[in-house]
Amino acid sequence: EVSDVLTGPFNNMGVPTAKSFHLLSPGYGNLANVPLGLANPYFVRMASSPSATILEDAASQGASFFTISEIGGNDVLGYATSGGSGTVQTGNPDPSTYGPSDITDPTLFAGVFTNIVQAMTANGAKGAVVTVPSIVNLPYFTTVPYNAVPLDQATADLLNAGYAAYNGGLQAAFAALTGTGLFTEEELNKRTINFTAGSNAVVIIDEDLTDLGAINPAFADIPQYRQATADDFLVLTSSSFIGTPDDNDPSLINGLSLPLSDEWVLTPEEQSNIQIATDAYNAAITSIGNANGLAVVDLDGLLSEAATSGTQFDDFTMTTTLVFGGMVSLDGIHLTTRGYALMA
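Residues numbered from 1 in each chain as written. Predicted model: local features only at pLDDT ≥ 70, side-chain atom pairs only at ≥ 80, totals over all residues. Heavy atoms only, no water.

Caption draft 1: Focus on the overall build of the protein. A count of helical and extended segments in the protein gives 12 helices and 11 strands. Each principal axis of the C-alpha atoms in the protein carries an extent, and together these give about 70 × 50 × 45 Å. Residue burial in the protein is summarised as follows: out of 344 residues, 46% are buried. Partitioning the intrachain contacts of the protein with sequence separation of at least 6 by distance along the chain shows that 68% fall at a separation of at least 24. When the accessible surface of the protein is totalled, it reaches about 16,500 Å², and 55% of it is carbon and sulfur. Side-chain charges in the protein split into 7 positive and 35 negative, and the spacing between the mean points of these groups amounts to 7 Å. (Helix = DSSP H or I, 4+ residues; strand = E, 2+ residues; numbered from the N terminus. Buried < 20%, exposed > 50% of the residue type's maximum accessible area, 1.4 Å probe, protein only. Contact = heavy atoms within 4.5 Å. Areas by Shrake-Rupley, 256 points an atom, 1.4 Å probe, with all protein chains shown as cover. Lys, Arg positive; Asp, Glu negative; His and termini not counted. Charge placed at Lys NZ, Arg CZ, Asp CG, Glu CD.)

As structure tokens, this is what we get:
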């Protein structure tokens, strides 16, 4: 139930969790649609009518200047924060078939963004558009190390004994498939699990590894496990999950004897899916903005600079380091007030 309905007009039509196509969706502010997952409880409070769209309400303000800020961020963010558990919807122009963690089709995004710009400039207004930051520059994905599990030799030996059957199955599969090119020595080494005294990489499930059971039913019981590498991103919330006992079997430890599921890790393949979509969105934002005489603010470039050399703002150098960097807030995704001041 939504109470305390707000009254406008509003200068800020930003609606949390809205994806690009939601800005054009009638009924996105209809309270009756909230339980169905077809409406946004935030927009319900500020919509001019249950059938209004965010874009209609924004355009109705008749602004002489506007900003279209970070539209497209949520179109990849749900996929990213879920560890890539959604679907890449490239080539699918029907958002009614999308799940909440899916990546929006770039062609659909470009069409939506064109409609937004056309509506906001219809009265001759000027404005600025803002590019979408790459997740590689957000500490939500880059803070938790892949190899920070400390083990003594006795614990490492116990874990190695637990994975002995798994490693043996990999060796048997490799021997049986040698010469076929279906299971390479490189992948064998990548999937072999070994713990030592000192810091160790966590164990993860990687759905992009070869499904050995699909090749030969005799290997159907060999799961798609491997240890993480520096190329994997562990999401920020995994920091309080890794090393804890499993809820169903306390003898199993998450990230060690029990591999991390997809929701905790962005593999390089999943990172690539996000970056390809982000690059496509930013190309559309830049092209459409330039074609309509709008300023293009490169937030993606700003975050990239902060993540590498740091960004000078007044007498403070901001970076994207969590807590102490000054640019990104404690949730690891949104900017701090100082970061938003620089952006503005």
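Caption draft 2: The arrangement of the pattern of salt bridges in detail. Per the stated rule, a full pass over the model turns up 3 salt bridges. Arginine 191 is the salt-bridge partner of glutamate 187, the closest N and O atoms lying 2.9 Å from each other. Pair noted here: glutamate 187 and arginine 191 are both in helix α8 (residues 185-191), with a separation of 4 residues, about one helical turn. This pair shows no difference in class: glutamate 187 is buried, exactly as arginine 191 is. Within this structure, Asp206, Arg226 and Asp232 form a network of salt bridges that share partners. (Salt bridge = Lys/Arg side-chain N within 4 Å of Asp/Glu carboxyl O.)

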